[in-house]
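The chain contents come next:
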Amino acid sequence: MKKEAVHTPFKPASREAGFAANPTPTAQTEHPAYRLAFQDDQFLLREELRPVRFQLELMKPELLLSEAGIASTFVFYGSARIPSPEEVDELRASADTPERKAVVERLAAKACYYEEARKLAFLASCRECNVGGPRDYVVCSGGGPSIMEAANRGAHEAGGISVGLNIILPHEQLPNAYVTPGLSFQFHYFALRKMHFLMRARAVAVFPGGFGTFDELFELLTLVQTGKMARIPILLFGREFWDKVVNFQALADEGVIAQRDLELFHFVETADEAWDYVCRQAETAKAA
């Protein structure tokens, strides 16, 4: 669904850029001041250009997702540390203290969520869409390992496309091998990355995770609670985990959220249960 180029009498910037990148060497042309502004990294990385970089990180994925015909996404949040079933034995072998062994066993017990994320992504990616038409429920993850990998892997196994929204971290995090190459993006700004997670979201699955997962979940809940975002299915996998780490009922009992806010999310245990809930909510919305 690539958009047709709009006719214009002006020379394309790509052509001009080619000339500008190889000027005749002189004292003037070799100075950074002479570079075209959009080819000058030193200029674009200035503190004063932060608003421009914000706009670029907003626009680049938006344009490419639109050109790919992606109308809506199914977003997957979750830990980058939960092993796949294939990795459990290796993880156990790496534990060298009783304390670490205990932690590893708790992580190993969560390997089932890798499989559920993989299966849910498969189910979403098998959903029919018009040939050449808008794509709905396209799987979207953070593009990294663990639960993110499982989501992209499930979509890949179903023959579907999927999105990966990577973020630059102190330790390099490469995109997992299952993200569709043309839909693999890298971000500097967390805020812009989080916007792209939700701009097309039609459903969100949240698996056990740490600070990053909590950040994404609670921002999503706040956006829906305050009416900044339309209500969508928000699925929390593993009620035992969530009840252990967050006392949602206590928040309502203390009066800091309303009792009805507990209805903003729905607990599930399996991919089948989650996909059935999403489909029922979609039918309800269509009939309304």
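Before any of the text, the structure's been laid out above.
Since we're looking at a predicted model, the values are computed, not measured.

Things to note about the packing of helix 3 (residues 50–67) against helix 8 (residues 190–199)
No. 1: Packing of helix 3 against helix 8 brings their axes to within 10 Å, and their N-to-C directions diverge by 30 degrees. With respect to helix 8, the element helix 3 is oriented roughly parallel. Once helix 3 is placed against helix 8, the crossing between them reads as right-handed. Residues Phe 54, Glu 57, Leu 58, Pro 61 and Glu 62 of helix 3 lie in contact with helix 8, whose contacting residues are Leu 192, Met 195, His 196 and Met 199.
No. 2: In terms of residue class, the contact of helix 3 with helix 8 is made up of six nonpolar, one polar and two charged.

Regarding the sheet that holds strand 6 (residues 234–237)
No. 1: The strand order across the open sheet formed by seven strands is 4-3-2-1-5-6-7, and the pairing between neighbours is parallel. Pairing within the sheet leaves two strands with one partner each, and these edge strands are strand 4 (184–187) and strand 7 (266–268). On average, adjacent strands in this sheet sit at an angle of 25 degrees to one another, irrespective of strand direction.
No. 2: Note that strand 1 (residues 73–77) and strand 2 (residues 138–141) share three bridges and pair parallel. Paired with Thr 73 across the two strands is Val 138, which belongs to strand 2.
No. 3: Contacts from helix 7 (residues 147–157) reach strand 1, strand 2 and strand 3 (162–167) within the one sheet, and its direction differs from that of strand 2 by about 160 degrees.
No. 4: Helix-sheet contacts for helix 8 involve strand 1, strand 2, strand 3, strand 4 and strand 5 (201–206), and the interaxial angle to strand 3 is about 165 degrees.

Side note on the nonpolar core
No. 1: The biggest cluster of nonpolar side chains holds 36 residues, and the ones touching the most others in it are Val 163, Val 204, Ile 234, Leu 236, Trp 242 and Phe 265.
No. 2: No other element matches helix 9 (residues 211–225), which puts four residues into this core.
No. 3: In this structure Leu 236 touches Val 206, Leu 217, Trp 242, Phe 248, Phe 265, His 266, Phe 267 and Val 268, once residues within four positions along its chain are discounted.
No. 4: Counting residues in hydrophobic clusters, the runner-up holds 30 residues, among them Ile 82, Leu 91, Leu 107 and Ala 274.

Notes on the side chain of Asn 166
No. 1: Structurally, the position occupied by Asn 166 is in strand 3.
No. 2: A residue is classified by how much of its surface remains accessible, and Asn 166, at 3% relative accessible area, is buried.
No. 3: Not counting residues up to four positions away in its chain, the partners in contact with Asn 166 are Gly 142, Gly 143, Gly 144, Gln 173, Leu 174, Pro 175, Phe 185, Gln 186, Phe 187 and Arg 193.

Here's the deal with unusual backbone geometry
No. 1: For Tyr 137, which is not a glycine, the phi torsion comes out positive at approximately 55 degrees.
No. 2: Its location among the elements puts Tyr 137 in the loop between helix 6 (111–125) and strand 2.
No. 3: A positive phi angle, near 60 degrees, is found at Ser 146, a position not held by glycine.
No. 4: Since its relative accessible area comes to 5%, Ser 146 is described here as buried.

Digging into the pairing of strand 1
No. 1: Strand 1 sits mainly inside the fold: five of its five residues count as buried.
No. 2: Every second residue of strand 1 is oriented toward a common face, with Thr 73, Val 75 and Tyr 77 on one face and Phe 74 and Phe 76 on the other, all of them buried.
No. 3: Taken together, the five bridges between strand 1 and strand 5 define a ladder with parallel strand orientation. Each residue of the ladder has a partner; that of Val 75, found in strand 5, is Val 204.

Concerning the packing of helix 6 against helix 12 (residues 271–287)
No. 1: Contact pair helix 6 / helix 12: the axes reach a minimum separation of 8 Å and the direction vectors enclose 35 degrees. Seen along the crossing, helix 6 lies across helix 12 with a hand that is right-handed. Counting all contacts with helix 6, which are made through Glu 116, Lys 119, Leu 120, Leu 123 and Ala 124, the residues of helix 12 involved are Ala 271, Asp 272, Ala 274 and Trp 275.
No. 2: By residue class, the composition of the contact of helix 6 with helix 12 is six nonpolar, no polar and three charged.

Some thoughts on the pattern of salt bridges
No. 1: This model, assessed by the stated rule, comprises 17 salt bridges.
No. 2: With a shortest N-O distance of 2.9 Å, Glu 47 and Arg 50 are connected by a salt bridge.
No. 3: Since its relative accessible area comes to 52%, Glu 47 is described here as exposed.
No. 4: For the salt bridge of Asp 136 with Arg 202, the shortest nitrogen-to-oxygen distance reads 3.6 Å. Of the two residues, Asp 136 is situated in the loop between helix 6 and strand 2 and Arg 202 in strand 5; the sequence distance between them amounts to 66 residues.
No. 5: Residue classification places Arg 202 among the partly exposed residues on the basis of a relative accessible area of 31%.
No. 6: Each of Glu 86, Glu 115, Arg 118, Arg 153 and Glu 157 takes part in one network of salt bridges that share partners.

Each value, and the rule that gives it
Residues numbered from 1 in each chain as written. Predicted model: local features only at pLDDT ≥ 70, side-chain atom pairs only at ≥ 80, totals over all residues. Heavy atoms only, no water. Axes fitted to C-alpha atoms, helices over the stretch in contact; angles between N-to-C directions. Helix = DSSP H or I, 4+ residues; strand = E, 2+ residues; numbered from the N terminus. Parallel < 35°, antiparallel > 145°, perpendicular 65-115°, else oblique. Left-handed = near helix turned anticlockwise from the far one by under 90°. Contact = heavy atoms within 4.5 Å. Nonpolar A, V, L, I, M, F, W, Y, C, P; charged D, E, K, R; others polar. Pairing = 2+ DSSP bridges. Core = buried A, V, L, I, M, F, W, Y, C linked by side-chain atoms within 4.5 Å. Buried < 20%, exposed > 50% of the residue type's maximum accessible area, 1.4 Å probe, protein only. Salt bridge = Lys/Arg side-chain N within 4 Å of Asp/Glu carboxyl O.

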